[in-house]
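Overview (structure and organization)
The lines below spell out each chain.
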Amino acid sequence: IIGTGFTSYSPVLPGSESGNNPLPIELLSFDAVQSESYVLLTWTTLSETNNDYFTIEKSTDGYTFKPIAVIKGAESSQEEKNYELIDNSVTNGVYYYRLKQTDFNGNYTFSKTISIGVTIQMESNLIVYPNPSYNSDFNISYNGQEGSTVELRIIDMLGKTLYVKEFNLSEGYLLQNMKNENLN
């Protein structure tokens, strides 16, 4: 390819000098931002030619991608088009996203891969009752993120650990009666 500046493999194809772009879409931007407990994906095209749909793909390692949504394309357009998708299926971690654009004839191209680090602040509530407790008889109520593991550690006033046990919040809630537990 003469005069394009491409000297080795590149994931993009050059357009023509006449302005007749052979690419199915002209992608202006593709971004991901965290908003509360979800990721907002936005992308903008400047033009689309025979664009059937976009498939949004997601990965946790940057190599193995799985489709999470399909968005209908504008078919053929010479106007700026804005798209967005909310990904509610996120927890703390790093996520990678890419767009797979598919033409009406089944041909497809991929966008660049973008990544985002997600940190979600989860509200939780811990209640220990009755307080004060006598004869090691008390109840613990805790709600938090479903699927998380909580370690219960009871430490006396001198710093000695009296009890340690892990609980899985399978339904996001724990209610534990400590009446018959053996505290050291």
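Worth saying up front: this structure is predicted, and the values here are computed from it rather than measured.

About the cut-offs
Residues numbered from 1 in each chain as written. Predicted model: local features only at pLDDT ≥ 70, side-chain atom pairs only at ≥ 80, totals over all residues. Heavy atoms only, no water. Helix = DSSP H or I, 4+ residues; strand = E, 2+ residues; numbered from the N terminus. Buried < 20%, exposed > 50% of the residue type's maximum accessible area, 1.4 Å probe, protein only. Contact = heavy atoms within 4.5 Å. Areas by Shrake-Rupley, 256 points an atom, 1.4 Å probe, with all protein chains shown as cover.

**Concerning the overall build of the chain**
Within the chain, the secondary structure is distributed over 0 helices and 12 strands. Listed N to C, the secondary structure of the chain is β-β-β-β-β-β-β-β-β-β-β-β in terms of helices and strands. Buried residues in the chain amount to 31% of all 184 residues. Summarising the internal contacts of the chain: among those between residues at least 6 apart in sequence, 51% fall at separations of at least 24. Accessible area of the chain: about 12400 Å², with a carbon and sulfur share of 48%.

**Quick word on the environment of Ala-74**
Note on placement: Ala-74 falls in strand β3 (residues 66-77). Judged by relative accessible area, Ala-74 falls into the partly exposed class, the value being 23%. Along the backbone, Ala-74 and Tyr-53 are 21 residues apart, and their C-alpha atoms lie at a distance of 7.9 Å. Setting aside anything within four residues of it in sequence, one finds Ala-74 in contact with Glu-48, Asn-51, Lys-81 and Tyr-83.

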